[in-house]
Amino acid sequence: MLRAIRCSAAGFHRRTLSYHGATSNYGKFRPPMRTLVTKRYTTDHELVVFDDATNIGVVSITDYAQSSLGDVVFVELPSPGTEVSQGDQIGAVESVKAASDIYAPVSGKIEEVNETLDGQPGLINKSPEDAAWLCKIKLSDPQEMDKLLGEEAYKQHCES
């Protein structure tokens, strides 16, 4: 939210600008750091949300994938520190209906895994694209994001 406030006292004018908490008096304005967050999909129903400020991609399975699997009973996750290439198998999801491998949507190093899923694999059915994220990958080649599907292309892929 950008706002300007003008105060006057005995002919003195002061202008203050605020943009997402960054405040300044005239020439001292420092804009906040701009972050671009990109969401992309694979044809294998993985999702990655990439933050260019941290170079971290948060990987999860899509809502479409969890609904196709049914009730999830087990999740196998990669180990932190593992180097992966785009397309490598990094884990698996097992449900009452089927088992499905999880593939790395991007190349990089596994920085963190969602350990909550060890005790609560069913969280994938409740919040597959948010609370049930699988792992966080520090991308080695952020341009790989351009090779993945946008939301509309992914929807079309699911409908075909």
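Structure: see above.
Just so it is clear, the model here is predicted, and its values are computed rather than measured. (Residues numbered from 1 in each chain as written. Predicted model: local features only at pLDDT ≥ 70, side-chain atom pairs only at ≥ 80, totals over all residues. Heavy atoms only, no water.)

## Things to note about the nonpolar core
Line of reasoning, step 1. Core analysis: the biggest nonpolar cluster contains 27 residues, and V75, L117, I124, L134, C135, I137 and M145 have the highest contact counts within it.
Line of reasoning, step 2. Mapped onto this core, the elements with two or more residues apiece are β5 (46-51), β6 (56-61), α1 (63-69), β7 (72-76), β9 (89-95), β11 (108-113), α3 (123-126) and β12 (135-139).
Line of reasoning, step 3. Of the residues forming this core, the biggest block, three residues, is contributed by β12.
Line of reasoning, step 4. What V75 contacts, discounting residues up to four positions off in sequence, is A92, L117, D118, P121, I124 and L134. (Core = buried A, V, L, I, M, F, W, Y, C linked by side-chain atoms within 4.5 Å. Buried < 20%, exposed > 50% of the residue type's maximum accessible area, 1.4 Å probe, protein only. Helix = DSSP H or I, 4+ residues; strand = E, 2+ residues; numbered from the N terminus. Contact = heavy atoms within 4.5 Å.)

## Observations regarding a nonpolar patch on the surface
Line of reasoning, step 1. Taken together, the side chains of V73, F74 and V96 define a hydrophobic patch exposed on the protein surface, amounting to about 280 Å² of accessible area.
Line of reasoning, step 2. Residue V96 is classed as exposed on the basis of its relative accessible area, which comes to 60%. (Patch = residues over 30% accessible without salt bridge, like charges linked within 9 Å, V, L, I, M, F, W, Y side chains within 5 Å. Areas by Shrake-Rupley, 256 points an atom, 1.4 Å probe, with all protein chains shown as cover. Salt bridge = Lys/Arg side-chain N within 4 Å of Asp/Glu carboxyl O.)

## As for the pattern of salt bridges
Line of reasoning, step 1. Per the stated rule, a full pass over the model turns up four salt bridges.
Line of reasoning, step 2. K155 is paired through a salt bridge with E151; the nearest N and O atoms lie 3.7 Å apart. With K155 and E151 both in helix α4 (residues 151-159), this residue pair falls four residues apart, about one helical turn.
Line of reasoning, step 3. Residue class for E151 comes out partly exposed when judged on its relative accessible area of 45%.
Line of reasoning, step 4. When the shortest N-O distance is used, the salt bridge between E152 and K155 registers 3.9 Å. Here K155 and E152 lie together in helix α4, a separation of three residues that amounts to about one turn.

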